[in-house]
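# A structural walkthrough
Here is what each chain is made of, one letter per residue.
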Amino acid sequence: LEDVGRQLAPPQQDTQPSEQCPGEAAEEPQEWLDVLGSGLLKKKTLVPGQGVDTRPRKGQDVTVRLKATLEDGSVVEENPALTFTLGDCDVLQALDLCVQLLEMGETALIVSDAKYCYGVQGRSPDVPPNASLTLEVELLEARDAPDLELLSGKEKVELANRKRERGNFFYQQADYVLAINSYDIALKIVGSSSKVDFSPDEETELLDVKVKCLNNLAASQLKLDHYEAALKSCNLVLEHQPGNIKALFRKGKVLAQQGEYREAIPILKAALKLEPSNKTIHAELSKLVKKHADQKNVETEMYRKMLGNPSTAGTPRKCKDKLPWVRP
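Residue indices follow the written sequence of each chain, beginning from 1 at its first position. Local features in this predicted model are restricted to residues whose pLDDT is 70 or higher, and side-chain atom pairs enter the listing and the counts only when it is 80 or higher, whereas totals over whole chains, interfaces and linings include all residues. Calculated side-chain values reflect all of the structure's heavy atoms, with hydrogen atoms and water omitted.

If you look the protein chain up in an unreviewed UniProt entry, it shows as peptidylprolyl isomerase from Eurypyga helias.

## Looking at the overall build of the protein chain
Assigned secondary structure in the protein chain consists of 10 helices and six strands. In the protein chain, once contacts between residues fewer than 6 apart in sequence are set aside, the share between residues at least 24 apart is 64%. Here the Shrake-Rupley method, with its probe set to 1.4 Å, supplies the accessible areas, and only the displayed protein chains count as covering residues. A total accessible area of about 20300 Å² is found for the protein chain, and carbon and sulfur atoms account for 52% of it. Secondary structure is summarised from DSSP: a helix means a run of H or I of at least four residues, a strand means a run of E of at least two, and numbering begins at the N terminus for each. Contacts are residue-level and defined by heavy atoms, with any inter-residue pair within 4.5 Å sufficient.

## Description of the packing of helix 7 (residues 227–240) against helix 8 (residues 245–257)
What counts as an axis is a line fitted to C-alpha atoms, over the stretch in contact for a helix, and the angles between N-to-C directions run from 0 to 180 degrees. Two elements in contact, helix 7 and helix 8, have axes whose closest approach is 9 Å; the angle formed by their N-to-C orientations is 155 degrees. Classified by the interaxial angle, the pair formed by helix 7 and helix 8 is roughly antiparallel. The way helix 7 lies across helix 8 gives a crossing that is left-handed. Together, Y227, A230, L231, C234, N235, V237 and L238 of helix 7 and A247, L248, R250, K251, V254, L255 and Q257 of helix 8 make up the contact between the two elements. Residue polarity is assigned by list, with Asp, Glu, Lys and Arg as charged and Ala, Val, Leu, Ile, Met, Phe, Trp, Tyr, Cys and Pro as nonpolar; anything else, Gly included, falls into the polar class. For the contact of helix 7 with helix 8, the per-class residue count stands at 10 nonpolar, two polar and two charged. Roughly parallel means an angle under 35 degrees; roughly antiparallel means over 145; roughly perpendicular covers 65 to 115; every other angle is labelled oblique. A crossing counts as left-handed when the near helix is turned anticlockwise from the far one by less than a right angle, and as right-handed when that turn is clockwise.

## Here we look at the UniProt feature "repeat: TPR" (unreviewed entry) in the protein chain
On the UniProt side, "repeat: TPR" (unreviewed entry) is annotated at positions that read residues 245–278 here. Counted over residues 245–278, helix gives 79% and strand 0%. Its end C-alpha atoms are 10 Å apart. UniProt positions are given in the numbering used here, feature names are shortened, and annotations may be inferred rather than shown by experiment.

## A word on the pattern of salt bridges
Criterion for a salt bridge: a side-chain nitrogen of Lys or Arg within 4 Å of a carboxyl oxygen of Asp or Glu. Per the stated rule, a full pass over the model turns up 12 salt bridges. Of the charged contacts, one joins E136 and R65 as a salt bridge, the two residues approaching to 3.2 Å between their closest N and O atoms. With E136 in strand 6 (residues 133–144) and R65 in strand 3 (residues 60–69), this residue pair connects regions lying 71 residues apart in the sequence. One salt bridge connects D208 with K212, and the closest N-O pair in it is separated by 3.4 Å. A residue pair is termed a helical-turn pair when its members lie 3 or 4 positions apart in one helix, as D208 and K212 do in helix 6 (residues 200–223) at four residues.

## Section: the pairing of strand 4 (residues 75–85)
The criterion for strand pairing is that DSSP finds at least two bridges linking the strands in question. In this sheet, strand 4 lies alongside strand 3 in antiparallel orientation, the contact comprising eight bridges. Bridging across to strand 4, K67 finds its partner in E78. Here strand 3 hands over to strand 4 after five residues, with G73 in that stretch at a positive phi of 95 degrees.

## What to know about the confidence of the model for the protein chain
pLDDT is a residue-level measure of predictor confidence that goes from 0 to 100. Here the protein chain averages 85 in pLDDT, and 80% of its residues register 70 or above. Segment residues 1–28: pLDDT under 50, and 11 contacts once partners within four positions in sequence are set aside and those in other chains are kept. Within the model, the stretch residues 319–328 combines pLDDT values under 50 with zero contacts to residues more than four positions away or in other chains.

## So, the sheet that holds strand 1 (residues 33–34)
Pairing is antiparallel across the open sheet formed by six strands, whose spatial order is 1-2-5-6-3-4. The sheet is open, and its two borders are formed by strand 1 and strand 4, each paired with just one other strand.

## What about the environment of K163?
Residue position: K163 is located in helix 4 (residues 153–172). In this structure the C-alpha to C-alpha distance between K163 and D88, which are 75 residues apart in sequence, comes to 8.4 Å. Here K163 is in contact with T85, D88, D90, S182, I185, A186 and I189, once residues within four sequence places are set aside.

## What to know about the nonpolar core
Looking at soluble globular proteins, one finds that nonpolar side chains tend to be buried together. Think of a nonpolar core as a cluster: buried Ala, Val, Leu, Ile, Met, Phe, Trp, Tyr and Cys residues, connected wherever their side-chain atoms sit within 4.5 Å. When accessible area is computed with a 1.4 Å probe and restricted to protein chains, residues below 20% of their type maximum are described as buried, those above 50% as exposed, and intermediate ones as partly exposed. F84, L95, V99, L133, L135 and V137 are the most contacted members of the largest nonpolar core, which has 77 residues in total. When residues in this core are grouped by element, the largest group, nine residues, is from helix 5 (residues 176–191). Residue contacts for V137: discarding those within four places in its chain leaves V64, R65, L66, L95, V99, L102, E106, T107, A108 and I110.

## Overview of helix 7
Given a rise of 1.5 Å per residue, 14 residues ought to cover 20 Å, and the 21 Å separating the end C-alpha atoms of helix 7 matches this to within 8%. Looking at helix 7, one finds that the buried residues are Y227, A230, L231, S233, C234, V237 and L238. Viewed along the axis of helix 7, the buried residues span an arc of 160 degrees, placing them on a single side of the element. Facing away from the buried surface of helix 7 by more than 90 degrees, the exposed residues are E228, K232 and E239. In this fold, the buried residues of helix 7 make contact with helix 6 and helix 8. To estimate the expected span of a helix, count its residues, drop one, and scale the result by 1.5 Å. The directions from the helix axis to the C-beta atoms form the arc being described.

Structure representation (structure tokens):
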């Protein structure tokens, strides 16, 4: 990609008169690489690295030195040794995408649109909404991620929770696709096989993380109208915790969105019985009861039209002369 960028550089850069002394080599100007081809994410090498073969791979844990500034030069983040899993969206998308292009030891400047940073919401209190960022990044280390089978219960819980919290960040940013991605990664960590024995407390903690991820996953899927997937996530929670209020509430909402009011209402009633003071469940249940009544009225009217108006054709006329049913 960088070679292509050099070929497309404006020709006048090479044809301008040079004022250096005869025999003195001209310093090659550093050029911007348009990472995505949209102009919204650009990278420029400041200090060359150790070669293309030293670039990190997705799935590896990388450590970088990071300095992030706003357009006015205000520093909003500075970390001498930030470590994250490459490709897991653990950090800003701008950083996750561009570090894959860094060579070991390389220092680069990354200019990113808000879309690949903190988006329309920003980050209170230092990053305003729709703020572009300039990142100065140096790749310090890249190593293979730890083997999940060899992690202790505590390490597994901590790793899964970090992915879950990243999913929560994306959910708050209304980026539900990336939120789902992070929750899925957390669930894979929790569900991975292990060669280490866990204590009962660690097993309980892992189950707690799993339930939280599934509940949040259902919420994200519901936002994207992925009703079948959301229903599956809710049911997985209820398999472990039949009285989980969030799962019951979201399952009721999913069924309501699918028009299954008759099934949704008893589920919401069960949730309300567990938490009678919950106003959100109250409101949702009242709305569903009304919709269900309206639906039944529509169905009744439809059947009436199909079978004819019972007040006229459907009602038999009374006979004036009563005829005996049995002959004398």
